[in-house]
Amino acid sequence: MSFDNLGLAEPLVRALAAKNYNEATPIQRQAIPPLLEGNDLLGIAQTGTGKTAAFMLPSIQRLRAANEHVRPRACRMLVLAPTRELASQIAVSARDYGRFTKLSVATVFGGTSVGKDRATLANGVDILVATPGRLLDLIDQRYLTLGDIEILVLDEADQMLDLGFIHALRKIVKLVPKSRQTLFFSATMPKAIRELADQFLTDPVTVSVTPVATTAERVDQFVTFVQQAEKQALLTLTLQDPAMERVIVFTRTKHGADRVVKLLGANGVAANAIHGNKSQGQRERALGEFKSGRVKILVATDIAARGIDVSGVSHVVNFELPNVPEQYVHRIGRTARAGASGIAISFCAEDERPYLRDIEKLTRQKVTVRPLPENFLAQANALKAQRAKVIGNDPAPREERQQRGPARPRATHHARPTGARPEGAGRAAGPRPEGAGRPQGARPEGGRPQGPRPEGARPGGGSRRGGRGRGGRSGGPRAAAV
């Protein structure tokens, strides 16, 4: 079905033609007519199915037809997104679709200047795309009010729930008018999301273009079983394949992403990392180089999984399997976009096999096993030697080791019972005999070896438990905090 048959106004059809969009996707065909009529909508759709156009096109048409004047420090349409990247992507689409209208579009999210946001909102804006945290900051500082909102959109609601935005969302909803149109989109629909939708929506039309938690179509999925210590070598060898034209590599931790980029660089493979610890400028630069093709490999954490909308991603590599199976769906949804095909490759260590079983149970399909390359161990050893010449040994950070799999139980530390020391136990009471102190110089045999302190050891001899350093409790009463 063409967009001409969906009831869209001529300026919107002309804007779509300028982007070479002719045929509406399934979710657009189902969502646009009821949204033009002013209904609330619950949309269940994966990323890459055309959700943004499905809610933005009818919303622009309704705002344009109402022809209301926006007041200072106010907005008429609010779109909430979980990440900066997704917010930026939605705003770009809104500007493209509304290019032949006079509607204004703005974004506000963390990592940017609050002063710039204040100036942007001073005269009001028709369409505001925001992340919940920065939005509430601006409201608390009285730079923005939500009393004029006509349309409220929650995009990727399940990820906002995963990121802990539930309280922020409830607070925002209390600030917007009850007589509004609300659009609620989620890639998955577990019970918690369904309950949240019931709180936000009034008699909604439900649109579902794919079964809940199914993976994107046209994605060929493979898994290779490999030891954790050999994953870096396998990744380097995999990325040397000329077919890996534009690749997103997913890790479970931020430190893990940085380490993968560092070790790839030591083997002559250029890559950029994007995660929550990066500044906004660094994230935009990494995405820009990836989109332009200057750097063909982007290493990301799950927080960026739904905010990356780059055409032509040929492969997704799960360097580490996610411990939440729904994240796998979102990860591989970065490829096979806009009708293209794609390939997803996962590296699975022994302690990650339960994660793989959960993914296969959720997606209701078996992932094809792909064997290790021939002569893999010899090639892996050669790559390790090459890296050692460049950067030396590089053990994995403690955070990464702790998050690779289920934590091992620690030995139980038995605290000394309070009260008096048993008779005959420990050092005898009274003054220490002359000369009984520890001799100066070398430590007695069996004590801590001399030399530099290992990386990660605590300075001052502090204990891990309680975080006390030198001068902490030693059998007597706890020192007063300072």
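Structure shown above.
Conventions we followed
Residues numbered from 1 in each chain as written. Predicted model: local features only at pLDDT ≥ 70, side-chain atom pairs only at ≥ 80, totals over all residues. Heavy atoms only, no water. Helix = DSSP H or I, 4+ residues; strand = E, 2+ residues; numbered from the N terminus. Buried < 20%, exposed > 50% of the residue type's maximum accessible area, 1.4 Å probe, protein only. Contact = heavy atoms within 4.5 Å. Areas by Shrake-Rupley, 256 points an atom, 1.4 Å probe, with all protein chains shown as cover. Phe/Tyr/Trp six-rings, centres within 6.5 Å; stacked < 30°, edge-to-face > 60°. Lys NZ or Arg CZ within 6 Å of the ring centre and 35° of its normal. Expected span 1.5 Å × (residues − 1). Salt bridge = Lys/Arg side-chain N within 4 Å of Asp/Glu carboxyl O. Pairing = 2+ DSSP bridges. Axes fitted to C-alpha atoms, helices over the stretch in contact; angles between N-to-C directions. Right-handed = clockwise from strand over helix to strand, strands pointing away. Core = buried A, V, L, I, M, F, W, Y, C linked by side-chain atoms within 4.5 Å.

1. Some details on the overall build of the protein chain
A tally of helices and strands in the protein chain yields 16 helices and 14 strands. Here the protein chain holds 482 residues, and 47% of them are scored as buried. Counting contacts in the protein chain only where the partners sit at least 6 residues apart, residues at least 24 apart contribute 77% of the total. By element, 49% of the accessible surface of the protein chain is carried by carbon and sulfur atoms, the whole surface being about 25,100 Å².

2. Here's the deal with the packing of aromatic side chains
Here the structure, examined in full by the defined rule, presents three aromatic pairs. The interplanar angle of 45 degrees and the centroid separation of 5.4 Å between the aromatic rings of Phe 55 and Phe 185 together place this pair among those described as tilted. On the criterion of sequence distance, the pair formed by Phe 55 in helix 3 (residues 51-66) and Phe 185 in strand 6 (residues 181-186) is long-range, its members being 130 residues apart. Assigned by exposure class, Phe 55 and Phe 185 land together as buried. On the numbers, 6.3 Å between centres and 80 degrees between planes, the contact of Phe 184 with Phe 200 is edge-to-face. Of this pair, Phe 184 sits in strand 6 while Phe 200 sits in helix 9 (residues 191-200), and the two are 16 residues apart along the sequence. The burial state of Phe 184 is the same as that of Phe 200; both residues are buried. Sitting above the plane of the Phe 319 ring, Lys 231 keeps its charged end 5.9 Å from the centroid. Across the ring face of Phe 225, the terminal group of Arg 353 is positioned such that the distance to the ring centre comes to 4.1 Å.

3. Description of helix 4 (residues 84-97)
Taking 1.5 Å per residue, 14 residues should reach 20 Å; helix 4 reaches 20 Å between its end C-alpha atoms and fits that length. Of all 14 residues in helix 4, 10 are buried, a share of seventy percent or more. Considered for burial, the residues of helix 4 that qualify are Arg 84, Glu 85, Leu 86, Ala 87, Gln 89, Ile 90, Ala 91, Ser 93, Ala 94 and Tyr 97.

4. Topic: the pattern of salt bridges
For the structure shown, the criterion picks out 18 salt bridges. Put simply, Glu 150 and Arg 76 hold a salt bridge, and the shortest N to O gap is 2.8 Å. Here Glu 150 is found in the loop between helix 6 (132-140) and strand 5 (151-154), whereas its partner Arg 76 is found in strand 2 (residues 75-80), with 74 residues between them in sequence. Among the residues examined, Glu 150 registers a relative accessible area of 24% and is labelled partly exposed. What you see here is one network of salt bridges that share partners, running through Lys 51, Asp 155 and Glu 156.

5. Observations concerning the sheet that holds strand 13 (residues 342-348)
Strand order in the open sheet formed by seven strands is 10-11-9-12-13-8-14, and the pairing between neighbours is parallel. At either end of the open sheet lies a strand with only one pairing partner, and these are strand 10 (272-274) and strand 14 (368-369). Relative to strand 11 (residues 297-300), strand 10 runs parallel, the two sharing three bridges. Within the sheet, the bridge partner assigned to Ile 274 lies in strand 11 and is Ala 300. With respect to the sheet, helix 10 (residues 231-239) is in contact with strand 8 (219-225), strand 9 (247-250), strand 11, strand 12 (315-318) and strand 13, its orientation differing from that of strand 13 by roughly 160 degrees. Strands strand 8, strand 9, strand 12 and strand 13 of the sheet are contacted by helix 13 (residues 325-332), whose axis makes an angle of about 155 degrees with strand 12.

6. Considerations on the environment of Leu 362
Its location among the elements puts Leu 362 in helix 14 (residues 353-363). When its relative accessible area of 19% is taken as the criterion, Leu 362 is described as buried. Leu 362 sits 37 residues away from Pro 325 along the chain, and the two C-alpha atoms are 6.9 Å apart.

7. A closer look at the pairing of strand 3 (residues 105-108)
Regular strands show a simple pattern: their side chains alternate between the two faces of the sheet. Both strand 3 and strand 4 (residues 125-130) contribute to a ladder of four bridges, which runs parallel. Counterpart to Val 108 in the pairing with strand 4 is Ala 130. For the handedness criterion, the β-α-β arrangement of strand 3, helix 5 (residues 114-121) and strand 4 is classed as right-handed.

8. Regarding the sheet that holds strand 5
Within the open sheet, the seven strands sit side by side as 3-4-2-5-6-1-7. Their pairing is parallel. The open sheet has two edge strands, strand 3 and strand 7 (205-208), and neither has a second partner. For this sheet the average axis-to-axis angle between neighbouring strands, irrespective of direction, equals 15 degrees. Inspection of the sheet shows strand 1 (residues 41-44) paired to strand 7 by four bridges, in the parallel sense. Bridging across to strand 7, Leu 42 finds its partner in Thr 206. Packing against the sheet, helix 3 makes contact with strand 2, strand 4, strand 5 and strand 6, and its axis sits at approximately 170 degrees to strand 2. Lying over the sheet, helix 6 contacts strand 2, strand 3 and strand 4, oriented at roughly 130 degrees with respect to strand 4.

9. A word on the nonpolar core
Inside soluble globular proteins, nonpolar side chains tend to come together where they are buried. Of all hydrophobic cores here, the largest spans 38 residues; its most connected members are Phe 55, Met 56, Leu 57 and Met 77. At the level of secondary structure, the elements contributing two or more residues to this core comprise helix 1 (10-18), helix 2 (26-36), helix 3, strand 2, helix 4, strand 4, strand 5 and strand 6. Looking at which element gives the most residues to this core, the answer is helix 3, with seven residues. Contacts of Met 56, omitting those with residues within four sequence positions, involve Met 77, Val 79, Ile 90, Ala 94, Tyr 97 and Ile 127.

10. Comments concerning unusual backbone geometry
A positive phi is found at Asp 203, a non-glycine position, where the angle reads about 45 degrees. Counting through the fold element by element, Asp 203 comes out in the loop between helix 9 and strand 7. We classify Asp 203 as exposed; its relative accessible area is 69%. For Arg 364, which is not glycine, the phi dihedral falls at a positive 60 degrees. Its place among the elements puts Arg 364 in the loop between helix 14 and strand 14.

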